[in-house]
Amino acid sequence: MTRAELPATAARATTVGSSPVRDILALTARPEVISFAGGLPAPELFDSEGIRAAYAGVLADAPDRVLQYSTTEGDPDLRAAVAERMTVRGLPTGADDLIVTTGSQQALTLLAIALLEPGDVVLVEDPCYLAALQCFGFAGARVVPVPTDEQGLDPEALEEIVVRERPKLLYLVPTFQNPTGRTLPLARRRAVAQAAERHGFWIVEDDPYGELRYDGEPVPWIASIPAAADRTVLLGSFSKIMAPGLRLGYLRAPAALRRACVISKQSADLHTSTVDQAAAARYLRDRDLDAHVAVIRGAYRERRDALLGGLGDALPAASRWNRPEGGMFVWARLPEGQDATELLHLAVGNDVAYVPGAPFFAGKPDPGALRLSFTTHSPTEIQEGLRRLAGVFARA
Ligand code: PMP
């Protein structure tokens, strides 16, 4: 009997494929590699004891509830605790304004399903968080880059592009952006909010890093600016302040869009894990998350300073880089003519790694750009990693 061929995968599944950079970075899993590539929180800073106690507590007290199916919107106690944290930070929020998501990454997928038709225009910062580009690409959106400078998205360029492209939504990471570490100043946040008010588009404000501030003053969320209050979706996450393996994030959205996201979440996973949500709620009730975040901030500040202190000696003369006030990333540019993707081979051969900047661009890539994450290694390891990088660039 001849065996019939199987139908092909959907075109979208083949266009969003594995990348050459991903293949090189797979080599950095070797323990001897000092990697500035990953963007992983430091595992030794997880409060594993506190998290274990929270799981043990909910499993002992309410196993029938926390092992059962639950509502799509999420655990009421967890939503109330998140709402309280948002309110304290200057954005009055009720539990009902929120949906708990399986990581904030899922919020992007839910929004794409709830809002986007194939061909709709989504505006993004250029460069942009890679998995957001993939998510909007998967939805069949036409992703249009908005130019940025050292302070993030350029509001004048935004205005022009909005008039020309009539976008359905603008996606941005205004605080300690991935990949650049940049923070959008308040005046620009207002300009973004006013553009959305005048022209009518959704703003998706993704903020997984905002609590990791090492210097300077917090900048208000775009969601708290009245002009855009009814058209901004704010995303948050426990990944960087508690642990990414919990896969717990949340979405704050106006009622009609929130309902559409609930329907799209029903089809995705019915709800986020009941026991994980209950444990996080218990942790927030019994422990002091702010005190824990203060410990993380102290450690990451030292690591950022170790990286910034040594970059001048590690990168080729005439390179440039920024000094982010928080988050996990420093964005650097090699001098004209040097290609960060080509040099990555040499770096990995010398047991050190970074991520080339090129894949983060939705527009024309800057071949000299690279992203360095400073959170995963100790200051001493960071210094050793920089010595190895210096060796690579001296030979280039
Ligand atoms: N948004 C941005 C900007 C990110 O950098 C990340 C992860 N690194 C996410 C969303 C997803 O985070 P999570 O799903 O773990 O909440």
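A quick note: this is a predicted structure, and the numbers were derived from the prediction, not measured.

Visitor: Just checking my understanding: could you explain the site of the ligand for this structure?
Guide: Within the structure, the ligand sits among 14 residues, and Ser104, Asp206, Tyr209, Ser237 and Ser239 are positioned closest to it. Residue Asp206 places a side-chain N or O atom 2.5 Å away from a nitrogen atom belonging to the ligand. Within the contact set of the ligand, a nitrogen atom lies 3.2 Å away from a side-chain nitrogen or oxygen of Lys240. In the complex, the protein chains occlude 91% of the 400 Å² of accessible area that the ligand would expose alone. Per element, the largest residue contribution to the shell around the ligand is 3 residues, and it comes from helix α6 (residues 103–115). Taken together, the residues of the shell around the ligand sort by class into 5 nonpolar, 6 polar and 3 charged.

Visitor: Hey, could you run me through the layout of surface pockets in this one?
Guide: Over the atoms, a rolling probe the size of a water molecule traces out where space has been left empty. Put simply, the second largest pocket is a space of about 460 Å³. Taken together, 15 residues make up the lining of the second largest pocket; nearest its centre are Arg89, Gly210, Glu211, Pro218 and Trp221. Taken together, the elements giving at least two residues each to the lining of the second largest pocket come down to α5 (76–88) and α12 (289–314). If one sorts the elements of the lining of the second largest pocket by residue count, α12 sits on top with 3 residues. Classifying every residue of the lining of the second largest pocket by side-chain character gives 6 nonpolar, 2 polar and 7 charged.

Visitor: How should the pairing of strand β3 (residues 121–126) be read in this particular structure?
Guide: Within a regular strand, side chains alternate between the sheet's two faces. Of all 6 residues making up β3, 6 are buried, and the element is well covered by its neighbours. Two elements, β3 and strand β4 (residues 142–149), share 6 bridges in a ladder whose sense is parallel. Looking at β4, one finds that Val122 is bridged to Val143. The handedness of the β3 to β4 crossover, carried by helix α7 (residues 130–138), is right-handed. The sheet contact formed by β3 and strand β6 (residues 169–172) spans 3 bridges and is parallel. Within β6, the position partnered with Leu123 by the bridge is Leu170.

Conventions we followed
All residue numbers refer to position in the chain's written sequence, counted from 1. Local features in this predicted model are restricted to residues whose pLDDT is 70 or higher, and side-chain atom pairs enter the listing and the counts only when it is 80 or higher, whereas totals over whole chains, interfaces and linings include all residues. Hydrogen atoms and water are omitted, and side-chain values are computed over all heavy atoms in the structure. Nearness of a residue to a molecule or strand requires only that one of the residue's heavy atoms be within 4 Å of it. Polar contact criterion, stated in full: a pair of N or O atoms within 3.5 Å, where within protein one must be able to donate a hydrogen and the other to accept it, and residues adjacent in sequence count only if both atoms are side-chain atoms. Areas reported here follow the Shrake-Rupley algorithm with a probe of radius 1.4 Å; residue values treat only the protein chains shown as occluding. Note on conventions: DSSP H or I runs of at least 4 residues are helices, E runs of at least 2 residues are strands, and numbering of each starts at the N terminus. Residues are sorted three ways: Asp, Glu, Lys and Arg are charged, Ala, Val, Leu, Ile, Met, Phe, Trp, Tyr, Cys and Pro are nonpolar, and all the rest, Gly among them, are polar. Cavity means a closed set of points on a 1 Å grid over the protein atoms alone, one where a 1.4 Å probe fits but cannot get out, pocket means an open set with protein on both sides within 12 Å along at least 5 of 7 lines, and lining means a residue has an atom within 4 Å of a point. Grid points are joined across faces, edges and corners, and a volume is the space filled by probe spheres set on the points. Accessible area is worked out with a 1.4 Å probe on protein chains only. A residue is then buried under 20% of its type maximum, exposed over 50%, and partly exposed in between. Paired strands, in this sense, are two strands between which DSSP finds at least two bridges. Seen with its strands pointing away from the viewer, a crossover is right-handed when the path leading from the first strand over the helix to the second is clockwise.

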